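# Geometric and topological summary
Residues per chain, in single letters:
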Amino acid sequence: MMDRKISNLWLGLIILAGGFSALYLGSALYPGEINPAVLRYFSLEQAQSARAYSFVPRIVFIASFVLQAAALGWLVFSRKGAEIARWLEKRSGGQYWKSIVMYSFLLWFFLRILRLPFTLVNYYWHHAWGFSTQSLASWWLDYSKSATLDLFLSMSGVLLFFFILKHWPRLWWVIGATLFALWLVLQTFLWPVIVSPMFNNFEPVKDPAVLSMVQDLASKAGIQVDEVLVMDASRRTTMGNAYFSGLGTTKQIVIYDNLLENYPLDEVRAVLAHEMGHWQKGHIIQGLTLGILGSYFVWGLLAIFLRKIRPASGYYRPHLWAGLQLFLLLIMMVTNPLQNYISREMEKQADQVALELTEDPAVLVRLQINLTTTNLSDVSPPGFIVWYGYTHPPVLSRIEAMGD
């Protein structure tokens, strides 16, 4: 049983996450008036359509969180949840590691089933608005791949977590945070070359005009860019996008094929300049450094929250994994504004580099307008949703920063 101090900590975290959820839901349901300033660039009909399109994903996000938190809270704090854990331990024949594997696998499967309806709603919603080009069979294939990968990583994490708990009962959180930090670095390095190709095909850009732009921009930015890759995003979506990922020898700029095919070259140049801005500013390294520091903070908090959930035998019981999952879900909800604030600041910096490299604010503004129109992004999002959940500044802020 938890002592009163630990229970109060849990209660405080739950109330804070619940408060954010309520404010997010309220903002989604009552987004307020459309900012008249956006009508200089977008029609009122587009602004209204974008809000209508954004509504369901926002509701799905918050509903999924609430349901998962409620289910995990029931498993962690209720008598019935404890009984289920004990029943599974008996079914394992008293074998410690077998009980851990059984409980964690069933918890993983339960949470997957819980999230599946929300994932399907998003899929059908994107189809209804004409953004998804993926068949249901193809979607299920992607889902199966990601689920298999998630299961492998989850079960590996479970076994490693309980092994560390068993052998280093006092320093487990320091060791866990250190291993997680190493995983962040390894994941950033390997993900672009191992995981991403499992879902998409990547080819070097072959258009001589684009290659010339890359060399010109890289020279101005003072960075070495060996190649820019094109991803076959059109097999899943009509939306245009690009991103920068990787570390060291795996660093890469990836641009969607539909953006390359459907946007004029000067706007493609602006996109490349923005991604090179991330490269020049070292945002991957900065993000990793902050992630590593944050991991020690989160694991230290986790040690405080879980330190009293330990039986007299000295072994941590399998249901502790549900407590860890609940803690991570709540802490992600609570720290989301900070993470997204950092992301928005990086995007602002990349926009400024793009402005310096292209020396053409009119093209950057036109790019923002075209991307927003094509992707039907909310042009006048509620302030709280921007503060809480936006990884990029809203389009009006980005346009105004261009000096338009």
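All of these numbers come straight from a predicted model, not from anything done at the bench.

### Some thoughts on the pattern of salt bridges
- This model, assessed by the stated rule, comprises 11 salt bridges.
- One salt bridge in this structure joins K80 and E83, with 3.9 Å as the shortest N-O distance. In this pair, K80 and E83 are both assigned in helix α3 (residues 79-91), 3 residues apart and thus about one turn of the helix distant.
- What makes K80 partly exposed here is its relative accessible area of 47%.
- Overall, E83 belongs to the partly exposed group, its relative accessible area being 34%.
- We note a salt bridge from R366 to E267, for which the minimum N-O separation is 2.9 Å. One end of the pair, R366, is in helix α12 (residues 361-375); the other, E267, is in helix α9 (residues 265-281), with 99 residues separating them in the sequence.
- Judged by its relative accessible area of 32%, R366 is partly exposed.

### Overview of the nonpolar core
- Core analysis: the biggest nonpolar cluster contains 51 residues, and L107, F161, F162, W172, F327 and L330 have the highest contact counts within it.
- Among the elements that line this core, the one with the most residues is helix α11 (residues 320-358), at 11 residues.
- Apart from residues no more than four positions distant in its own chain, W172 is found in contact with F161, I164, L165, W299, L302, A303 and Y316.
- Grouped together as the second largest cluster of nonpolar side chains are 49 residues, Y41, I253, L357 and L396 included.

### Quick look at the environment of L106
- Its location among the elements puts L106 in helix α4 (residues 96-128).
- Expressed as a C-alpha distance, the spacing of L106 and L88, which sit 18 residues apart in the sequence, is 9.8 Å.

### Some points on the pairing of strand β3 (residues 242-245)
- As paired elements, β3 and strand β4 (residues 252-256) share 4 bridges and run antiparallel to each other. If you follow A242 over to β4, its bridge partner there is I255.
- Here β3 folds back onto β4 in antiparallel fashion, the turn holding 6 residues, of which G246 has a positive phi close to 95°.

### Looking at the sheet that holds strand β1 (residues 202-204)
- Strand order in the open sheet formed by 4 strands is β1-β2-β4-β3, with mixed pairing between adjacent strands. The strands lining the two open edges of the sheet, one partner per strand, are β1 and β3. The mean inter-strand angle of the sheet, taken between neighbouring strand axes irrespective of direction, is 30°.

Criteria and cut-off values
- Residues numbered from 1 in each chain as written.
- Predicted model: local features only at pLDDT ≥ 70, side-chain atom pairs only at ≥ 80, totals over all residues.
- Heavy atoms only, no water.
- Salt bridge = Lys/Arg side-chain N within 4 Å of Asp/Glu carboxyl O.
- Helix = DSSP H or I, 4+ residues; strand = E, 2+ residues; numbered from the N terminus.
- Buried < 20%, exposed > 50% of the residue type's maximum accessible area, 1.4 Å probe, protein only.
- Core = buried A, V, L, I, M, F, W, Y, C linked by side-chain atoms within 4.5 Å.
- Contact = heavy atoms within 4.5 Å.
- Pairing = 2+ DSSP bridges.
- Axes fitted to C-alpha atoms, helices over the stretch in contact; angles between N-to-C directions.

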